[in-house]
Amino acid sequence: MNYPITLNNGVSMPTVGYGVFQSAPEETAVAVETALKAGYRHIDTSAGYGNEREVGEGIRRSGIDRDDVFIETKVWVSDYGYDETLHAFEKSAAKLGVSQIDLLILHQPMPQHFERTLNAYRALEQLLADGKVRSIGVSNFMPHHLAALRAQTEIIPAVNQVELHPYFTQSAVQRANAEHGILTQAWSPIGGITFYPGWGENRKSVLEDETIGRIAAEHGKTPAQVMLRWHLQQGRSVIPKSTNAQRIAQNIDVFDFALVDDDLNVINALDRGVRGGPDPDAVDPSTWKLEIPEA
Ligand code: A2P
């Protein structure tokens, strides 16, 4: 049910993860437990989401062995810098209640403070060497951020997690990732960012796209399932989020049908080239006033 993909360092990761962005802490433990019982074995969270403790609680409540769950989390920018990021690992691991994290990634590039970003990444390299994390990566890196990182650090990231859905397909980022063996992992894989309240005006939800609706009807599946399949068949990892038990189950029930090439091409052509989330070069995330508490 949970098809794994092998990362560039040989570590195996289930392709369909369960995302908890914007999941309120009080909902998160139940949702994570529900997801694990529905068959997910990969949870994606972040220090910045404020729900790592509840993710750990959900895993423990599920009764599933910790070693059977792939845990991914992110270092927030307020913890960038070599010593700060080493400490960020300790905070996240303690909140999650684990001694080792499967995949630890930088949440954002900080183009305005790139030396701190590099030092944060060097700390991830050290954590990897020490066996405290099994793999390392980045998020929201554009090709020029990846190039700068590559030029000044040793280890190629295993994963680059970026906004990616049919209305924003980021072909340049996908190409740069592929060229260096970095797995593209899609956040908002079913386009939640195209309809989340408070993220912009006059947007159109990709879940209501007519073309995707037609393809879904042809396959007897839902638009969300079609989008997830579109990612998987093009080699990407996905982390759909839902706090609804039925939709949690639906989003991992994507292994019993296949899109044809024509479906994939038609969906690729829906790209509008307009991101829903913040432009990694235009915002200085250190101004967001988010500090990560001690465990
Ligand atoms: P809910 O939690 O009520 O299910 P994304 O992961 O692309 O950002 O999308 C997440 C958003 O999509 C959430 O608002 C979630 O709401 C909704 N959602 C998740 N799964 C489905 C689904 N299978 N069908 C429709 N909406 C979904």
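Please refer to the structure higher up on the page.
Quick summary incoming for the structure in this document.

Cut-offs applied
- Residues numbered from 1 in each chain as written.
- Predicted model: local features only at pLDDT ≥ 70, side-chain atom pairs only at ≥ 80, totals over all residues.
- Heavy atoms only, no water.
- Helix = DSSP H or I, 4+ residues; strand = E, 2+ residues; numbered from the N terminus.
- Rg over C-alpha atoms; globule rule 2.2 N^0.38 Å.
- Buried < 20%, exposed > 50% of the residue type's maximum accessible area, 1.4 Å probe, protein only.
- Contact = heavy atoms within 4.5 Å.
- Areas by Shrake-Rupley, 256 points an atom, 1.4 Å probe, with all protein chains shown as cover.
- Lys, Arg positive; Asp, Glu negative; His and termini not counted.
- Charge placed at Lys NZ, Arg CZ, Asp CG, Glu CD.
- Near = heavy atom within 4 Å.
- Polar contact = N/O pair within 3.5 Å; in protein donor to acceptor, adjacent residues only side chain to side chain.
- Nonpolar A, V, L, I, M, F, W, Y, C, P; charged D, E, K, R; others polar.
- Arc of directions from axis to C-beta.
- Salt bridge = Lys/Arg side-chain N within 4 Å of Asp/Glu carboxyl O.

### Things to note about the overall build of the chain
The helix and strand inventory of the chain stands at ten helices and ten strands. In terms of C-alpha radius of gyration, the chain reaches 18 Å, essentially the compact-globule figure of 19 Å for 295 residues. For the chain, the C-alpha atoms occupy an extent of roughly 55 × 45 × 40 Å along the three principal directions. Burial statistics for the chain: of 295 residues in total, 55% are counted as buried. Look at the contacts in the chain between residues 6 or more apart in sequence, and 74% of them connect residues 24 or more apart. Only carbon and sulfur atoms are counted for the fraction: they give 50% of the accessible area of the chain, which is about 12000 Å². The centroid of the 26 positive side-chain charges in the chain is displaced by 2 Å from the centroid of its 38 negative side-chain charges.

### Focus: the site of the ligand
Close to the ligand lie 17 residues; S188, K241, S242, R247 and Q250 are nearest. Backbone polar atom of I190 to an oxygen atom of the ligand: 3.0 Å apart, as the coordinates give it. G192 is positioned such that a nitrogen or oxygen atom in its backbone is 3.0 Å from an oxygen atom of the ligand. Protein contacts shield 82% of the accessible area of the ligand, which totals 570 Å² for the unbound molecule. When the residues that make up the shell around the ligand are grouped by side-chain class, the tally is seven nonpolar, eight polar and two charged.

### Observations concerning helix α10 (residues 261–268)
Given 3.6 residues per helical turn, the α-helix brings residues three or four places apart onto the same face. Buried within α10 we find D263, L264 and I267. Along the axis of α10, the buried residues cluster in a sector spanning 100°; they form a single face. Those residues of α10 that are exposed and angled more than 90 degrees off the buried face are D261 and D262. Close packing links the buried residues of α10 with α7 (210–219) and α8 (223–233).

### With respect to the pattern of salt bridges
Considering all chains together, one arrives at twelve salt bridges under this definition. Ionic pairing is found between E33 and R61, a salt bridge with its closest N-O pair at 3.8 Å. Remark: R61 occurs in helix α2 (residues 52–62) and E33 occurs in helix α1 (residues 25–38); sequence separation between them is 28 residues. A salt bridge links E210 to K204; the shortest N-O distance between them is 2.9 Å. By relative accessible area, K204 is classed as partly exposed at 28%. One connected set of salt bridges, linked through shared partners, spans E33, K37, E57 and R61.

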